[in-house]
Amino acid sequence: MSMLSDLALGLSVALTPANLLFCLIGALLGTLIGVLPGVGPVATIAMLLPITYTLSPTGALIMLSGIYYGAQYGGSTTAILVNIPGETSSVVTCLDGHPMARQGRAGPALAIAAIGSFFAGCVATLVIVLVSGPLVALAQAFGPAEYFALMVLGLVLTIVLARGSPLKAVAMILTGLLLSLVGTDVHTGAERLTFGLPLLQGGLDFVPLAMGVFGLSEIVSNLEKGEGAKGEMIAAHITGLMPTWEDIKASAPAILRGTALGSALGVLPGASSMIASFASYTLEKKLAADPSRFGKGAIEGVAGPESANNAGAQVSFIPMLTLGIPSNSVMALMIGAMMIQGIQPGPMIIAKQPELFWGLIASMWIGNAMLVIINLPLIGIWVRLLNIPYGLLFPAILLLCAIGVYSMNNEPGEVLLTAGAGVFGYFLLKLRCEPAPLLLGFVLGAMMEENLRRAMLLSRGDPMIFFSNPLSAVLLGASVLLILITVFPSVKSGREKLVED
Amino acid sequence: MITPARLPFIAAALICAGAASAQTWPERQITITVVTAAGGSPDTVGRMIAAKLTERLGKPVVVEINAAGAGIAGTLGVVRSQPDGHNMVILTGGTPSQQALRPKQPYDLTTDLAMVTTLCAYPMVVSVSPKSPIKDFKDLIARAKANPGKLTYSMNAIGSLHHLLGEWINIEAGIDMQGIPYRGSPPAFMDVSSGRVDLMIDTGTFSFGQIAQGQLRALAQSAPGKYALAPDVPAVSDTLPGVNMMSWLGFAMAKNTPRPVIDRLNTEVRAILEMDDIKNRLAEMGNVPMPSSPDEMLGRIKTELAQWKKIIDAKGIKAE
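Residues numbered from 1 in each chain as written. Chains lettered and ligands numbered in written order. Predicted model: local features only at pLDDT ≥ 70, side-chain atom pairs only at ≥ 80, totals over all residues. Heavy atoms only, no water.

Regarding the overall build of chain A
Here comes step 1: A tally of helices and strands in chain A yields 21 helices and two strands.
Here comes step 2: Here the C-alpha atoms of chain A give a radius of gyration of 22 Å, agreeing with the 23 Å that 2.2 N^0.38 yields for 501 residues.
Here comes step 3: Viewed in the frame of its principal axes, chain A has a C-alpha envelope of about 75 × 60 × 50 Å.
Here comes step 4: Evaluated residue by residue, chain A yields a buried proportion of 59% over its 501 residues.
Here comes step 5: Of the roughly 18700 Å² of accessible surface on chain A, 74% is carried by carbon and sulfur atoms.
Here comes step 6: A distance of 6 Å separates the average location of the 23 positive side-chain charges in chain A from that of its 27 negative side-chain charges. (Helix = DSSP H or I, 4+ residues; strand = E, 2+ residues; numbered from the N terminus. Rg over C-alpha atoms; globule rule 2.2 N^0.38 Å. Buried < 20%, exposed > 50% of the residue type's maximum accessible area, 1.4 Å probe, protein only. Areas by Shrake-Rupley, 256 points an atom, 1.4 Å probe, with all protein chains shown as cover. Lys, Arg positive; Asp, Glu negative; His and termini not counted. Charge placed at Lys NZ, Arg CZ, Asp CG, Glu CD.)

Quick look at the pairing of strand E3 (residues 87–92) of chain B
Residue and element names in this part refer to chain B.
Here comes step 1: The buried count for E3 comes to five of six residues, which makes it a mostly enclosed element.
Here comes step 2: Taken together, the three bridges between strand E1 (residues 30–34) and E3 define a ladder with parallel strand orientation. When the sheet's bridge partners are listed, Ile32 is paired in E3 with Met88.
Here comes step 3: Two elements, E3 and strand E9 (residues 246–254), share five bridges in a ladder whose sense is antiparallel. Paired with Thr92 across the strands is Leu249, a residue of E9. (Pairing = 2+ DSSP bridges.)

Some words on the domain arrangement of chain B
All names here are of chain B.
Here comes step 1: According to the domain assignment, chain B contains domain 1 (27–122 + 247–314) and domain 2 (123–239).
Here comes step 2: A separation of 27 Å is found between the C-alpha centroids of domain 1 and domain 2.
Here comes step 3: Of the residues lining the interface, 19 residues belong to domain 1; the matching set on domain 2 comes to 16 residues.
Here comes step 4: Taking both sides of the interface into account, the surface hidden between domain 1 and domain 2 amounts to around 1300 Å²; carbon and sulfur atoms contribute 75%.
Here comes step 5: On inspection of domain 1 and its partner domain 2, the count reaches zero salt bridges.
Here comes step 6: Along the contact surface separating domain 1 from domain 2 lie four residue pairs in polar contact (both at pLDDT 80 or more).
Here comes step 7: Mapped by element, the contributors of at least two residues to the side of domain 1 that touches domain 2 are helix H4 (94–101), strand E4 (113–128) and helix H13 (294–314). (Domains from an automatic or database assignment. Contact = heavy atoms within 4.5 Å. Buried area = accessible area lost by both parts, 1.4 Å probe. Salt bridge = Lys/Arg side-chain N within 4 Å of Asp/Glu carboxyl O. Polar contact = N/O pair within 3.5 Å; in protein donor to acceptor, adjacent residues only side chain to side chain.)

Quick look at the environment of Ala111(A)
Residues and elements named next belong to chain A.
Here comes step 1: Turning to its location among the elements, Ala111 is positioned in helix H6 (residues 106–141).
Here comes step 2: Taking C-alpha positions, Ala111 is 8.8 Å from Val372, a pair spaced 261 residues apart along the chain.
Here comes step 3: The residues contacting Ala111, other than those within four sequence positions of it, are Leu241, Met242, Pro243, Leu376 and Ile379.

Some words on the nonpolar core
Here comes step 1: Core analysis: the biggest nonpolar cluster contains 193 residues, and Phe317(A), Leu53(B) and Phe251(B) have the highest contact counts within it.
Here comes step 2: Each of domain 1 (27–122 + 247–314) and domain 2 (123–239) of chain B contributes no fewer than three residues to this core.
Here comes step 3: Contact partners of Leu53(B), with chain neighbours within four places excluded, come to Gly58(B), Val61(B), Met88(B), Phe251(B), Leu265(B), Glu268(B), Val269(B) and Ile272(B). (Core = buried A, V, L, I, M, F, W, Y, C linked by side-chain atoms within 4.5 Å.)

Looking at the interface of chain A and chain B
Here comes step 1: Each side of the interface is counted separately: chain A has 46 residues, and chain B has 48 residues.
Here comes step 2: Counting the surface lost from both chain A and chain B, the interface buries some 3900 Å², and carbon and sulfur atoms represent 56% of this.
Here comes step 3: The largest share of the area that chain A buries against chain B comes from Gln140(A), Val186(A) and Arg460(A), three residues that together contribute 14% of it.
Here comes step 4: Linking chain A to chain B there are two salt bridges.
Here comes step 5: For the pair chain A and chain B, the interface holds ten residue pairs in polar contact (both at pLDDT 80 or more).
Here comes step 6: Secondary structure elements with two or more residues in the side of chain A that touches chain B: helix H3 (41–52), H6, helix H7 (144–161), helix H14 (329–340), helix H17 (390–409) and helix H19 (435–458) of chain A.

Quick notes on the packing of aromatic side chains
Residue and element names in this part refer to chain B.
Here comes step 1: All told, the structure shown has ten aromatic pairs over all chains when counted by the stated rule.
Here comes step 2: Each ring, one from Trp168 and one from Trp308, has its centre 6.1 Å from the other, and the planes form 85°; the classification is edge-to-face. You can see Trp168 sitting in helix H7 (residues 161–173) and its partner Trp308 sitting in helix H13, a full 140 residues away along the chain.
Here comes step 3: Residue classification places Trp168 among the buried positions, given a relative accessible area of 7%. (Phe/Tyr/Trp six-rings, centres within 6.5 Å; stacked < 30°, edge-to-face > 60°.)

A look at empty space enclosed by the protein
All names here are of chain A.
Here comes step 1: Counted under the stated rule, the structure contains four cavities of 30 Å³ or more.
Here comes step 2: Estimated volume of the largest cavity: approximately 90 Å³.
Here comes step 3: Contributing to the lining of the largest cavity are Tyr73, Ser76, Thr77, Ile80, Leu110, Ala113, Ala114, Ser117, Asn375, Ile379 and Trp382.
Here comes step 4: Looking at the lining of the largest cavity, the elements that each hand over two or more residues are helix H4 (57–82), H6 and helix H16 (354–385). (1 Å grid on protein atoms, 1.4 Å probe; cavity = no way out; pocket = protein on both sides within 12 Å on 5 of 7 lines; lining within 4 Å. Points joined across faces, edges and corners; volume = space filled by probe spheres on them.)

Considering unusual backbone geometry
Here comes step 1: Trp25(B) connects to Pro26(B) through a cis peptide bond whose omega is -5°.
Here comes step 2: Mapping Pro26(B) onto the fold places it in the loop between helix H1 (7–24) and E1.
Here comes step 3: Phi at Asn83(A) is positive, roughly 65°, even though this residue is not glycine.
Here comes step 4: Counting through the fold element by element, Asn83(A) comes out in the loop between H4 and helix H5 (91–102).
Here comes step 5: Although it is not a glycine, Leu193(A) adopts a positive phi angle of roughly 55°.
Here comes step 6: Here Leu193(A) lies in the loop between strand E2 (191–192) and helix H9 (206–224).
Here comes step 7: Among the residues examined, Leu193(A) registers a relative accessible area of 42% and is labelled partly exposed.

If you want it as structure tokens, here you go:
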């Protein structure tokens, strides 16, 4: 079978001592920058690009990919331990991962995130081998109208995400949409809500916003509760590092479903691995026997989204390797790395450079295995981090956040922006408004608007474009259905209340 | 107090300071600010040249990304930096077009910066999906005439070089193709290759790679004549005389940077652009080296500003 021989070729390349070493370096470095809030794979890979010039092309790509998926692992650690999402995809991990940590179950949360990611990584590697062709066709079937419909579905799913009042969730989504308008409009070049500040002309960035509304506001509220003053620990008692059988039984189906979602959505350019992670969260919450556990430390709420985002991250290599089209900025840098080596990414790469293509894919599987081996023993150390008195821990977190934000653009203004977002997040907390729908509205809103207007330009102002093609019609139909399902129970209970009165 | 009588002394002191700093320059690390996203061609080329400059100047030359605020914040940082030759910004062919579109920017390109040298250049490319019925550039114009307002082209934001080339072709050929804005080339490519958008106007850096892989078919390129790296692709100006543009990268510093510093840098960059490994890597990105004197660079920017203003006024393009 040619596929087996391809894989064997890949393994023979990936298992050479030099390439194993590059894989390990990448995975380690990735875990490290993932754990540090704000320091992301984009900045790291950009800085390392010139060094890769001196490496072999395969070694260079193996190392850079290791950084990318290593960062996905590390990012969930920060999300779980200190409630700071370093990447769009770990926003959802905060929702149940951090409550678990507060209950002293940080160990199981970290372990299940690592196990879920490993499983998803293995499956995604197989997906790349088996179905990259059909998946590319799927990506090409998505035009502006289909993307718009997908984003609408995404926003509707977001409402389900929220704990508490759906009305507040809608308000948060709308606020997120408003925030996504800030900056120069691509379609008209108009400056919107920039108040003449050069800093805002390019729009708000996700990292300062997420760090502020999740992380900083969390710190403020912890201090307010007096946890800092008394030197209390976040998790007073730690109940075991490894997940129990119950945990694993609860997580297994979530991991399977998350992996499937991530593998399907990962191929779409844009925020696909994030959409996959919260689609998975929504699905788990809908399927759960007791949805009210979600947001209070449900382990499925960590297992599903973590698997989905890792599968999505890995599958996003498909358009890059087969079409030369990057689906996110890390992939754009990978293309840069290939071009530095004189390799033109695109459909010819499999035929012309089979040892590079298959070696890279085999290395992803090896790298994922390495990450589990690196991460599982580290869990004890990470969890012990929570035992540091909060009075010492929070200044360190603040400092790391400030460094992380500053290092993105070397722009002091963005550090101030993060602080502002922190104040804003604190008010949201006081008003009992969830920041997650806000961030998702922010990320999806920009893409939704762009694709809506692009689709309308292409159809010359005819809105039928959204319904005349089956894919977008189905997605929009599903959104309407979801809204009805969400609204009707509350309408019913509202009526019942009226009757009772 | 500064009185008119004292001015000559102050001027003399300033000149001395300039001369002294030129002799000891560089005293410390030199920072090259890139105002576009990591991994783009300004970043890649900037880092290539920074590595060579570090060897030749004996002080570290580093690239810093500041893409905040659509690049305005980063450029402004260099405009306001000490004019002592330790801060540079990479300007691109898109810089004058943005200035032409937004005259109210917080700095004036032609007076607030001192040009050092242009680095490299590439044309814009008009291409279609390999499955497209459009045969060549003349056929494109004929089809656009036969179906007014029907053809679409993918472009970058309003006022980008992509957009300006599209509109320039519209003006000279008397046609009315509709530009569809995209954030970056990849999503535009997806829609062009699936046939949702009829043609792609994009940078040589992006297009030549896809053309070599058979994923796009070139109709024309925008160099003033034959382009050395793609001699088979006809020029737009073969069909529409006078329509040509090159995008470029170039170094600039704060105004009042001592001329000897600028001249030294200019000489070093010229020498670097002569190196074979640099030439090869530029060629892989579809770029040709294009060193220039500071005055030539300023002249290029002024010419382009005037040209873009003409197109922007003619088509009523506004940032609003």
